[in-house]
Amino acid sequence: MKKENEVKQVIEDLMYIKNAITKNSNIFKFISITEILKTFLLVTGIMIIAISGGIYYLIQHYGGFTQIPTEIKTVIYGILILATIMAGIFKSKKLLQAAKYVNQDITVGKLISEVYTTQSLLVIFPFLITIGLTTVFFVNFGHTNYIVPFLALFVGLLCNSMVNIFYLKELSILGGWLVLSSLISLLALITLHPLLIVIFTFGMGFIILYGAILVISASEKE
């Protein structure tokens, strides 16, 4: 009986230490975000390809985006808004569920504070400002076909910069693909429609990341 009590006490002490460490450390040290969100990544990639491809087809069919009937454009905007909201809810719900296995006291607010720390914001803000200024520059000078490749380039560099902050080594795969595909787009595919470049960069990027996670998971299990 005494031995059982000692074992129980040791377990309780270990749990106390674990909770103390978790509460004072980034929650992402203790959960695998890519494993949790791999379905989200696949669906996001498919949706980007499907929506971009659908809009591109309509543009070709009607001769331009402005020529697409208002009713159809309303449906497109509705799909984009709904998809964005659903993706945000699904991602937040999955992350919160996983985080609660590590820290039962965590809330949505605490989880957001874990994501948007001073360290992460110092990395994110310069990229956001650069993306905004670059977009304005290309729009003002009529080079809108360069927006998507440069957006992919900056997002790819941002992904690589966030690897160590969120302990996501797989994020470098998406970052590497976005940088590579943006350079390919700038050098060889710049004459293509921007929506096709979105498919090539972001759409394929999420699917490649999903495939990479499956391969890495399988190799780790072996």
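Residues numbered from 1 in each chain as written. Predicted model: local features only at pLDDT ≥ 70, side-chain atom pairs only at ≥ 80, totals over all residues. Heavy atoms only, no water.

Student: Please set out a nonpolar patch on the surface residue by residue, giving values where relevant.
Tutor: Together, Phe-65, Tyr-77, Leu-80, Ile-81, Ile-85 and Ile-89 make up a nonpolar patch on the protein surface, roughly 560 Å² of accessible area in all. Topologically, Ile-81 is positioned in helix H4 (residues 70-102). A relative accessible area of 52% places Ile-81 in the exposed class. (Patch = residues over 30% accessible without salt bridge, like charges linked within 9 Å, V, L, I, M, F, W, Y side chains within 5 Å. Areas by Shrake-Rupley, 256 points an atom, 1.4 Å probe, with all protein chains shown as cover. Salt bridge = Lys/Arg side-chain N within 4 Å of Asp/Glu carboxyl O. Helix = DSSP H or I, 4+ residues; strand = E, 2+ residues; numbered from the N terminus. Buried < 20%, exposed > 50% of the residue type's maximum accessible area, 1.4 Å probe, protein only.)

Student: Give a description of the packing of aromatic side chains that names residues and reports values.
Tutor: Under the definition given, this model contains 8 aromatic pairs. With 5.7 Å between their ring centres and 25° between their planes, Phe-138 and Tyr-146 make a pair best called stacked. (Phe/Tyr/Trp six-rings, centres within 6.5 Å; stacked < 30°, edge-to-face > 60°.)

Student: Account for empty space enclosed by the protein, with residues named and values stated.
Tutor: Under the defined criterion, the tally for this structure stands at 1 cavity of 30 Å³ or more. Computed from the structure, the largest cavity encloses a volume of approximately 40 Å³. Taken together, Ile-131, Thr-134, Thr-135, Phe-138, Ile-147, Phe-150, Leu-151 and Phe-154 make up the full set of residues lining the largest cavity. Only helix H6 (118-140) and helix H7 (147-166) provide two or more residues apiece to the lining of the largest cavity. (1 Å grid on protein atoms, 1.4 Å probe; cavity = no way out; pocket = protein on both sides within 12 Å on 5 of 7 lines; lining within 4 Å. Points joined across faces, edges and corners; volume = space filled by probe spheres on them.)

Student: Give me the lowdown on the environment of Thr-144, citing residues and values where you can.
Tutor: Assignment of secondary structure puts Thr-144 in the loop between H6 and H7. For Thr-144, a relative accessible area of 44% gives the class partly exposed. Sequence separation of Thr-144 and Pro-194 is 50 residues, and the distance between their C-alpha atoms is 8.4 Å. In contact with Thr-144, not counting residues within four places along its chain, are Phe-138 and Val-139. (Contact = heavy atoms within 4.5 Å.)

Student: Can you lay out H6 for me, pointing to particular residues and giving the numbers?
Tutor: With 23 residues, H6 extends 33 Å from end C-alpha to end C-alpha; this agrees with the ideal 33 Å at 1.5 Å per step. Taken residue by residue, H6 has Ser-120, Val-123, Ile-124, Phe-127, Ile-131, Thr-134 and Phe-138 as its buried positions. Immediately downstream of H6, the backbone of Gly-142 shows phi near 70°, a positive value. (Expected span 1.5 Å × (residues − 1).)

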